[in-house]
Each structure stands twice: as C-alpha cells, then as structure tokens.
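Descriptive analysis of the structure
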Amino acid sequence: MDYRDYVRPKYVELMQALGLQQQFHRASGSQLFYRNADGAEVAVDDFLGGYGAALFGHNDPEFVSQYCQLLEAQIPFNAQMSVRGAAGELAHALSDALNAELNNRERYISTFSNSGAEAVEIAVKHAEYCRQKQLQEQFDALDYQLAQLSSGEQAYQLLDLASLDIPAGLLPASLDSATLRQLAEALRQHNLQVLQSAPVFVALKRSFHGKLVNTVQLTHGKQYRQPFARFGLQVDFLDPAQPEQFAQLQQRHQQAWLSLQACAEGWQLVRHAQSRIAAVLLEPIQGEGGINEFPAEFYLGVRRFSNQLQCPLIIDEVQAGFGRAGSLLASSQFNLQGDYYCLSKALGGGLAKIAVTLIRASHYQPDFSYIHSSTFAEDDVSCQIALSALRRLQANDGAMLKDIAHKGAYLKSALQELHTAYPEVIADVRGRGLLLGVELHDLSKTGSLVQISAQYNEALGYIIAGYLLQHEALRVAPSGSNSNVIRLEPPACISLAQIDRLIGALQRVCEHLRRRDSLPLAAG
Ligand code: PMP
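Here the residue numbering is sequential within each chain, running from 1 through the sequence in written order. Where local features are concerned, this predicted model is filtered to residues with pLDDT of at least 70; where side-chain atom pairs are given and counted, the filter is 80 or more; whole-chain, interface and lining totals use all residues. Based on all heavy atoms of the structure, the side-chain values leave hydrogens and waters out of the count.

1. Brief notes about the side chain of Thr179
By the secondary structure assignment, Thr179 is in strand S6 (residues 177-179). Under this definition, polar contacts are N or O atom pairs within 3.5 Å; protein pairs additionally need one hydrogen-donor-capable and one acceptor-capable atom, and for neighbouring residues in sequence, both atoms have to be side-chain atoms. Looking at Thr179, its side chain comes within polar contact range of the main-chain nitrogen of Gln182, at 3.0 Å. Not counting the four nearest positions on each side in its chain, Thr179 is found in contact with Ala155, Tyr156, Gln157 and Leu158. Helical segments are the DSSP runs of H or I of at least four residues, strand segments are the runs of E of at least two, and each set is numbered from the N terminus. In this analysis, two residues are considered to be in contact whenever any of their non-hydrogen atoms come within 4.5 Å of each other.

2. Structural notes on the site of the ligand
It suffices for a single heavy atom of a residue to lie within 4 Å of a molecule or strand for the residue to be listed as near it. Taken together, Ser115, Gly116, Ala117, Phe208, His209, Gly210, Glu283, Glu288, Asp316, Val318, Gln319 and Lys345 form the complete shell of residues around the ligand. Between the ligand and Gln319, the relevant distance is 2.7 Å, taken from an oxygen atom to a side-chain nitrogen or oxygen of the residue. Interatomic distance of 3.1 Å between a side-chain N/O atom of Lys345 and a nitrogen atom of the ligand. Accessible surface area values rest on a Shrake-Rupley calculation with a 1.4 Å probe, where residue burial reflects the displayed protein chains alone. Here the ligand has 390 Å² of accessible area as a free molecule, and 81% of this is covered by the chains. Taken together, the residues of the shell around the ligand break down into 3 nonpolar, 5 polar and 4 charged. Gly is put with the polar residues, along with every residue not named as nonpolar or charged; the nonpolar set is Ala, Val, Leu, Ile, Met, Phe, Trp, Tyr, Cys and Pro, and the charged set is Asp, Glu, Lys and Arg.

3. Focus on the sheet that holds strand S2 (residues 31-35)
Through backbone hydrogen bonds, the strands of a sheet pair up, either in parallel or in antiparallel fashion. At least two bridges found by DSSP between two strands are what make those strands a pair. In spatial order, the strands read S1-S2-S3-S17; together these 4 strands make up an open sheet with mixed pairing. Whereas interior strands pair on both sides, the edge strands pair on one side only; in this sheet they are strand S1 (24-28) and strand S17 (474-475). Across 2 bridges, strand S3 (residues 41-46) lies against S17 in parallel orientation. Of the residues in S17, the one forming a bridge with Asp45 is Leu474.

4. Overview of the pattern of salt bridges
For this document, the term salt bridge refers to a Lys or Arg side-chain nitrogen within 4 Å of an Asp or Glu carboxyl oxygen. Evaluated as defined, the whole model comprises 29 salt bridges. In this structure, the salt-bridge partner of Glu511 is Arg515, at a minimum N-O distance of 3.6 Å. Since its relative accessible area comes to 26%, Glu511 is described here as partly exposed. Its relative accessible area of 47% is what places Arg515 among the partly exposed residues. Within the structure, one salt-bridge network assembled from shared partners comprises Glu106, Arg303, Asp339 and Arg360. Three labels apply to residues, based on accessible area from a 1.4 Å probe with only protein chains included: buried if under 20% of the type maximum, exposed if over 50%, partly exposed otherwise in between.

5. Some details on the state of the cysteines
The disulfide criterion used throughout: a pair of cysteine sulfur atoms within 2.5 Å. Summed over the entire model, instances satisfying the criterion amount to 0 disulfides. Cysteine Cys311 is unpaired, with the sulfur of Cys130 as its nearest cysteine sulfur at 11 Å.

6. Quick word on the pairing of strand S7 (residues 200-204)
Within S7, 5 of the 5 residues are buried, which leaves it mostly tucked inside the rest of the structure. The alternating pattern of S7 places Val200, Val202 and Leu204 on one face and Phe201 and Ala203 on the opposite face, and all of these are buried. Across 5 bridges, S7 lies against strand S8 (residues 234-238) in parallel orientation. Considered in S8, the bridge of Ala203 is made with Phe237. As paired elements, S7 and strand S11 (residues 277-282) share 3 bridges and run parallel to each other. When the bridges of S11 are listed, Val202 appears paired with Val280.

7. Points about the pairing of strand S16 (residues 435-440)
Walk down a regular strand and you will see the side chains alternate between the two sheet faces. Extensive coverage of S16 is indicated by the burial of 5 of its 6 residues. Pairing analysis gives 6 bridges linking strand S15 (residues 426-432) to S16, with the strands arranged antiparallel. In the sheet register, Asp428 faces S16, and the bridge partner there is Glu439. Taking the residues that link successive antiparallel strands as the turn, the S15-S16 hairpin has 2 residues, and the phi of Gly433 there is positive, at about 55°. Two strands pair when backbone bridges link them, and S16 and strand S19 (residues 482-488) are joined in this way by 4 bridges, in the antiparallel orientation. What sits directly across from Glu439, in S19, is Val485.

8. Focus: the environment of Ala17
Residue position: Ala17 is located in helix H2 (residues 9-18). Accessibility expressed as a relative area gives 30% for Ala17, which makes it partly exposed.

9. Describing the nonpolar core
Within the largest apolar cluster, 68 residues are counted, with the highest numbers of intra-cluster contacts made by Phe56, Leu94 and Phe322. In terms of residue count, the dominant contributor to this core is helix H12 (residues 380-421) (11 residues). If sequence neighbours within four positions are ignored, Leu94 has contacts with Ser110, Phe322, Leu343, Leu347, Val356, Leu358 and Leu390. With 42 residues, the next largest nonpolar core counts Leu18, Leu474, Leu513 and Leu519 among its residues. Within this scheme, the nonpolar core is defined by two criteria: the residues are buried Ala, Val, Leu, Ile, Met, Phe, Trp, Tyr or Cys, and they are joined through side-chain atoms within 4.5 Å.

10. A short note on the environment of Gly169
The topology assignment puts Gly169 in the loop between strand S5 (158-160) and S6. For Gly169, a relative accessible area of 71% corresponds to the exposed category. Taking the C-alpha atoms as reference points, Gly169 and Ala186, separated by 17 residues in sequence, lie 9.8 Å from one another.

11. A word on the confidence of the model for the protein
Of all residues in the protein, 96% attain a pLDDT of 70 or more, and the chain-wide mean is 94. Confidence metrics for the complex model read pTM 0.96 and ipTM 1.00. Residue-level confidence of the predictor, termed pLDDT, takes values from 0 up to 100.

12. Brief notes about the environment of Ser113
Structurally, the position occupied by Ser113 is in strand S4 (residues 108-113). The buried category is assigned to Ser113, whose relative accessible area is 2%. The sequence separation of Ser113 and Thr357 amounts to 244 residues, and the corresponding C-alpha distance is 8.0 Å. Contact partners of Ser113, with chain neighbours within four places excluded, come to Glu118, Ala119, Ile122, Lys353, Ile354, Ala355 and Ala377.

Printed below as a string of structure tokens:
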C-alpha cells in the first residue's frame, strides 16, 4: 500500500491492528463510504465529523456548486500581495458577527491562515510582538532617566548602599557604597535583562492548540510536546481544578524594572512590577483533552487574571467554535470575552482550508500587517466559501445553530441514559451542542482487553472506534490526548435516526465491556 510505504508507515500498522484501515473513496452529508472486500460500497455514519471540521456535512451541495462556479469564473487563487476583496468582506462579516454575539462594539481585525495551529501561532506571535513593543517603551523611558543620572552633575555623588534595598547580585556584595553613576549603570544592565526576558505563555492542563513548533508546546499531552521541548517556547500549565495557581503563576513570572527616585533622604530605589506572561490561552471547551468544560468562576478567573497582568486572553475556538457548540463562539455561552479569537475547521464549510486569528482593534499592532503573511492565506475561494458558511449559520435567525443545540441535547440525553444504565462502564458524559464526549472507566487492567491494551498503551477508545467501524459502520474517535473519552462531533445534518443507531451500537459496546468481553476487532 503506497500510504503505508510512503506516508505514515507505523501509523498504518496501528490502524490495521485496530480495524481502522479503511480508505474512504466518497463522502456526502453525514456519511463516508468505503468498499469492502467484495467491492460493495459501505456507508458509514460519521460521528467524528472531520475532527469537528465537517459541521456542514461532507461536500455540502451548495458550497460545492459555489466552489465550482468560482473556479469557472476564473477567480484568482494566486494573488498574494494585492488587495483581497473576499478576505475583506469575510473579515468584516466575522467582526460584525462577533460583535452581535458578544454584544460589543469593537472592530476585530483578521489575520488569515491555513490551519488551526497556524491561527494559534499567529496569536502567539502577535502577543509577543506587543509585549516586545511595550517592554521597549518602558525600557526606553527608564533608560533615559538613568542615563541622565549617569551623566549629570550628581553622577559621582557617593551613595550608602545599605540604605537602598538593592537586590542581591546587582552590585558586588563587598561594596558598601557606590557612585550614583555606578548604581545607575547597574540598574540599566538589570533593566536590559528584563527587556530581553523570554515570554511565558499560560495554557491549561489538557489543552490542545496544535502541533507546530510553538503550538505543540501549548498542547498539554506530553507525547506530542516533550520530544520538542528544547525548541524553546516557555509554557506554564494551569490546572483549572486548582484556581489558587493563578496567584502562584503571577508570582513565579513576576520581574521588576528598577529606577531611582529623589527623596528627602537622597535617593530611593523603585521597583516597577513586570510580568513575563505574554498571553493566556484557553479552549472554551477542550476538545482533544476530553471534551472538558469548566465552572463559571474559572472562566471569570481567567479573564480577571489576564486583566491583572494586562496580557491578552487568546480564545482558541478552532474546534468548539463556528457553530459546533450551538453558538458562533462557544465562549459566549460562558460569558467569556477574549482579546484574540482563533477559528478554523468548520470555518471552511468543510471544503476550504482556512483559519483566522481575530484581534480586537484596540489590541492590534498595525505593524503586524507587514510582518506576517502566507502564500495561500486570504485566497478568494476559501474566503467566499467561509463567508457562505457564516451566512448559513446566521440564516433564519440562527436556525442552524438552534438545530445543532437541539440535536446535541437529544444525543446528550440518550448518552446520559446509557451512563445511568452502565455506570461501571461509562464514567461521565460531557459537552454541549454537537461537541460531546463519553468518558469510559479505565478498563484496560481487567479481563481480556489486557493483551491489546498492553500492546497499544491507553488504546481503549481506539479499540472501540475500530469495532464500531468494522461491525456497526459508525465512525468515532477518542480525544487526541485522552483516549478514554469517545468524542462525538457529527455533522449538523445527522438525523435523529442515525443518532438512535449510534446509541444502539454504544449500548452493545457497553454490554461487551460490562461482561469484560473482548471486542471482536478487525473483520476476519
Ligand atoms: N486548536 C484546537 C482547539 C484544535 O482542536 C486543533 C485541532 N484538533 C488545533 C488547534 C489545530 O488545528 P489544525 O489541526 O488545523 O492545525
């Protein structure tokens, strides 16, 4: 098989062992199709939904026909470094839509890109760019003052260091006194270090923000992050179950500018607190981490923390946003307002690879427009499709969003019934809209699953996905960093009958697991 030999060798072995090796040749609406050994087409109900991207269904006929028409009309694709009308129109519509949902009146400025991880990378870059500018301004102001002290008439005035509360290490410990010039120079060196301090980003335990060089450091799962830790982005993870960590984080990354102020006794050393934290990131509902929501106070705490540190709050809506949770932004359901928003996945209507980082105009650094771009970003076709996808969400007073909320509630209550019936198998049911998760108890240490689980560490969710695909023609997957959680993210066009069929199949899985049976894996 070419894919195994030339694309992802080990991965295919694993997929084969789990019974997940099907090659889909067609996709339509809520279904994907593969051919079985006899060549017959098998329709699979898709409850994975392109990891959230297929909200509008596979190959939505209106978007496909629009796409074809745009190509036939010879819409430019490669026109980087020109004014892009469709990108402008989409950015305007997104800004209006955010304002309408958040009840705000602020312009949100869009930076377009091609994938979710890129949208997060852009947010991180922008936050650091702002921090650098701010640090430079603060440094320059203090440095001007210190330079004056070093060169003025009083420069050689002798100061008694004991009276000044000087931080250890600033001057040799053996010195009892120093000239004003010596001290001012030491403070300038100290401030230079503050200016050059590396940024720290705060993300949450179980977060997932992508797998590129920087974003992978923001992704909590160690298996993705640790091999690349030496690339350098410094990230501190906050456990939402331990809100006291806010204060600890603040303290851990606090530094201070130093300056001198004249006072009655002569001079006094002044410390101006400065935090190395450049931004706080969160997914309003964690997707890959296991479909996790947090208590209302925690969202409030995150906002307050960002305000206190005067650093941006980056809300990663790549998976939960753009309708999936039943509203344009999942965060709006928690009354959480961000300074930056990242969108991708469903934004492309299931056809286009597009992502956007929206930044409040009051936080946007205009120079950033010069220094970030990408060959394929802002292309007219993707922007036009995304605009249609946005209009679809908004049409008929948000009818599609209401439908998502309704179907999500139906699916969730059926899952909760299963939870009640099989408490020894299902640990929890979480999420909202069509972003739901079923957490299973860790059964890997019991019964006949042992052998497989030992071979494929923490594989229960994948084993179930393989079983459902092979034997029930259903597609699900566990969360990327928490394989005990089966994530359900079907397209919005999924029918209630398809949902019932899933529930029937999950019930059979629960029966197997309750009896500690091994699940029949790959079809013979
Ligand atoms: N952020 C979140 C919340 C995600 O769920 C994902 C993808 N699962 C990403 C970022 C990365 O998106 P992409 O795979 O398009 O790079």
